[in-house]
Structures are given as structure tokens and as C-alpha cells.
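Coordinate inspection notes
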Amino acid sequence: MSVFGRVAVPLKSRSYDIVVGSGLLADTGKLLKDVISRPRTAVVTDANVADLYLADIAKSMNDSHIAFSEIILPPGEQTKSFDGLMELADQLLSARIERGDTIIALGGGVVSDLAGFSAATFMRGCKWASVPTSMLAMVDASIGGKTGFDLPQGKNLVGAFYPPSFVLSDPNVLTSLPARELRAGMAEVVKHGVIADKELFDLCAKGWKPVTETLAELVRRGMAVKVKVIEEDPYEQGERAALNFGHTVGHAVEVVSNFDLLHGEAIAIGMIAEARLAERLSIADDGFADTIKEVLFGLNLPVHIPENLSQDQIILAMNKDKKKSNGLVRFALPVRIGQTRIGVEINNLGSVLEERK
Ligand code: NAD
């Protein structure tokens, strides 16, 4: 082999602003004006969110003299698919979006994952900004740059790390979120509490009514945990994997339920199964899984794998998990509130689903 020369290519990781504030949606145009440097912009959203908030965004963009196209996708996880991606690409072409133009993702995690992935790949790269409207998207999906879509075989199997240029979160929009969706989003907030913030965990433990009265604070704290983790490890080479607590079992259960379970509901179930695994491996003290279970139960989240889901199929789905290394599925397991052990490799996946009472 002959090498003609070698050049080291410096890559700087880009920083971006995240702003959170009640009522900020009305200022979208003003806040995004500096991010949008080119004439064409597309606002990508789903039909539910479009009905509620697209007019507000349109007014704010018009007030700031930002021209934009609207792209409205069907709501639901099924949109985060290859077909959904093709539909979005088709509409971006119709909107004459070019390389470097800005895509604004207005919606929950489905919209931000798919629009973010389109931004990473359409015309070899557009800018994107995220305006998350669900609890889950505010505290998790919109931050950190993980984008992608599902394959029939499993969740998020195609994706890219591609951070947005701006994130704008207005907790006021959570008041229109269906209660089931808000509860599901709270599962990720509880997870953030477990892995990194005892006070956040305690806030979640107060139960459903107090939670609905402190949404802005929960968003702020939940986001802060995610930001801190990704600042230290943007490409999940180490500690970021702590965010995967509950997700190995959770993703499998979500897929096997055929998405009857919402993502957050599946993660709640996954956290309990994985916390019990941590107890069995003497990584966590006995009783720790029950402490988490009580909090999730208080928020009316499911904590058991539904009986109609086949254990064999869940094991098969876990085996397709992308957190695999050397053929072994890796778990992020809690040690105690604020501490997680990452990269725990499990040989016998059947043992993961054993319930210990
Ligand atoms: P979602 O995007 O499907 O939104 C949930 C539902 O709520 C949808 O019907 C939507 O139309 C509706 N909705 C959203 N905001 C609303 C509002 N303010 N008022 C009324 N209705 C509203 O689901 P989600 O829970 O936001 O996100 C789940 C997705 O996020 C999953 O695909 C999951 O894999 C992904 N995710 C990604 C990351 C990441 O780091 N990229 C992290 C966690 C989850």
C-alpha cells in the first residue's frame, strides 16, 4: 500500500442555543431570524400540532418577514419510517428547499427525529431548528442531535447524529397535550431524575396533580440533565449511554406491542425490568426497582410487560438492539439515584425478563 500524504481534518462540534420560556412560541420568528440565513425555510409538523399551533407560528414568522412552506405529516410513530421520510423528501423538493436552507421541526419526537434526519441528508445537509411541543420532545428528543427513523425490524435503526441549530421550548403548549402523552413524556423525566437529579426524581414522586402544576420546572430540570450528559459525551462514546436506562427492554416492548404502547409507556416498563435486573446482578440494592415503580405508578404509567406480548418476540427484538457490541446486548443499569453503570453485557436475554418479587 502506498500513502501519498496524510491530513488531519479538524472537526469542531457546533454549539447551539436552547431557549425555554412560557409564551415563547409567539416569538418564534424573532428568535429564529438569526438562525435562518437563506431565503427558503420549511416548517415540518404533524396534523395534530398543525391544527393547534401552525397559525401562531405563521403569524410570528410573517411578523418577522420570514417566508416559509408548510409541510404537514400524519401524526404517529408510523410516520417515522422510510415511507415517511420519502413523503417528507418529496414535499421538501416541492418546496424547493436547497442545501443549507432551514427546516423547522414543530412537534413531538416523531417530527423532530424525522425532520432532523431529513436535515442531515436532504441535499447533503440543511440546517434545522427544533420547536418541541411534547414533554418527551422537550426534555429528550429535541436535544442532543440524535435523529433517525424506524425500520419494521426495530426502532431508530437508521439515523445520524445531527444537532439542530436552535431549540425553542414553550412549556405552555403542554397544556393541550393529551394526558396519556404527557404521562408518557413524564417517563423520560423520571428517567432523567433516576440517572442524574434526585430533586427532579422527588418532584416526580409527588404524583400526577402536582406534576401538572409544575410543568415548566420539570421541563427546565429535565432538559438540564440531558444537556449536561450530552455536553460531556455528544456521540455516545461513554457516559451518554446512561440515557439508555430502560430503553433496551423498552424499545423491544414498544416494537412487539406494535406501537400500541407509547414510547414513554414502554420506557416505564423497561425501567422497571432493567432496575430489577440491576438488583439481581447486585448492581442496585434490593428495593430500588420498587422505589422507581412507585413513582411511575403514581403517574399512572404501566410498570409490567403486558401479558399478551410474547417473551420470545421481546427477546428477539432486544437482540436487534443497536446498543450491541461483539454480539452482546449492552444495558445501562441504575446503581442508585444519580449513578448508572453503562455497558453491562448480558448473555442470556431470557434472564432479563425474570420478575423478582
Ligand atoms: P409524537 O411525536 O408522536 O407526539 C405524541 C402525540 O402528541 C402526537 O399525536 C402529536 O401529534 C401530539 N402532540 C404533540 N405535541 C402536542 C401538543 N402540544 N398538543 C397536542 N398534541 C400534541 O411522540 P413523542 O412522545 O413526542 O416522541 C416519541 C418519539 O421520540 C419516538 O419515536 C422516540 O423514539 C423518539 N425519541 C427520540 C429521542 C432522541 O434523542 N432523538 C429521545 C427520546 C425519544
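Preceding block: the structure.
Now for a description of the structure that goes with this document. From a predicted model like this one, the values you see are computed outputs, not experimental measurements.

Calculation notes
- Residues numbered from 1 in each chain as written.
- Predicted model: local features only at pLDDT ≥ 70, side-chain atom pairs only at ≥ 80, totals over all residues.
- Heavy atoms only, no water.
- Helix = DSSP H or I, 4+ residues; strand = E, 2+ residues; numbered from the N terminus.
- Contact = heavy atoms within 4.5 Å.
- Polar contact = N/O pair within 3.5 Å; in protein donor to acceptor, adjacent residues only side chain to side chain.
- Buried < 20%, exposed > 50% of the residue type's maximum accessible area, 1.4 Å probe, protein only.
- Pairing = 2+ DSSP bridges.
- Salt bridge = Lys/Arg side-chain N within 4 Å of Asp/Glu carboxyl O.
- Near = heavy atom within 4 Å.
- Areas by Shrake-Rupley, 256 points an atom, 1.4 Å probe, with all protein chains shown as cover.
- Nonpolar A, V, L, I, M, F, W, Y, C, P; charged D, E, K, R; others polar.
- Phe/Tyr/Trp six-rings, centres within 6.5 Å; stacked < 30°, edge-to-face > 60°.

**A look at the environment of T147**
- As for its placement among the helices and strands, T147 is situated in strand 6 (residues 146-151).
- When the C-alpha atoms of T147 and S118 are compared, they prove to be 8.6 Å apart, with 29 residues separating the residues in sequence.
- Ignoring sequence-local partners within four residues, the contact set of T147 consists of D113, G116, F117, W128, V158, G159, A160 and Y162.
- Looking at T147, its side chain comes within polar contact range of the main-chain oxygen of A160, at 2.9 Å.

**Focus on the pairing of strand 9 (residues 329-336)**
- With respect to burial, strand 9 is a largely interior element, 6 of its 8 residues being buried.
- Across 6 bridges, the pairing between strand 9 and strand 10 (residues 339-346) is antiparallel. Each bridged residue has a counterpart across the sheet, and for V329 the counterpart in strand 10 is I346.
- A loop of 2 residues connects strand 9 with strand 10, the two strands running antiparallel in sequence, and G338 in this loop sits at a positive phi of about 95°.

**Quick word on the pattern of salt bridges**
- Inspection of every chain in the model, using the stated rule, returns 20 salt bridges.
- The residue R221 makes a salt bridge to D197 at a minimum N-O spacing of 2.9 Å. Placement of the pair is R221 in helix 9 (residues 215-232) and D197 in the loop between helix 6 (179-196) and helix 7 (198-204), with a sequence separation of 24 residues.
- By relative accessible area, R221 is classed as buried at 18%.
- Take D197: its relative accessible area is 12%, and that puts it in the buried class.
- For K198, the salt bridge goes to D202, with nearest N and O atoms at 2.9 Å. With K198 and D202 both in helix 7, this residue pair falls 4 residues apart, about one helical turn.
- A relative accessible area of 49% means that K198 is categorised as partly exposed.
- The network of salt bridges with common partners includes E77, K80, D113, D150, K155 and E254.

**Overview of the site of the ligand**
- Not every one of the 28 residues close to the ligand is listed here, only the nearest: D46, E77, S134, K155 and S176.
- Here N48 contributes a side-chain N or O atom positioned 3.0 Å from an oxygen atom of the ligand.
- For the ligand, a nitrogen atom lies 2.8 Å from a polar atom in the backbone of K146.
- Burial of the ligand by the surrounding chains reaches 92%, relative to a free accessible area of 860 Å².
- When contributions to the shell around the ligand are tallied by element, the ones reaching two or more residues are helix 2 (47-63), helix 4 (109-121), helix 5 (135-141), strand 7 (154-161) and helix 6.
- The leading source of residues in the shell around the ligand is helix 2, at 4 residues.
- Taken together, the residues of the shell around the ligand break down into 10 nonpolar, 8 polar and 10 charged.

**A short note on the packing of aromatic side chains**
- Using the criterion set out here, one finds 2 aromatic pairs in the structure.
- Measuring from ring centre to ring centre gives 5.4 Å for F117 and F149, while their planes differ by 75°; the resulting arrangement is edge-to-face. Within this pair, whereas F117 is found in helix 4, its partner F149 is found in strand 6, the two being separated by 32 residues in sequence.
- Owing to a relative accessible area of 8%, F117 belongs among the buried residues under this scheme.
- Look at F149 and you get buried, because its relative accessible area is 4%.

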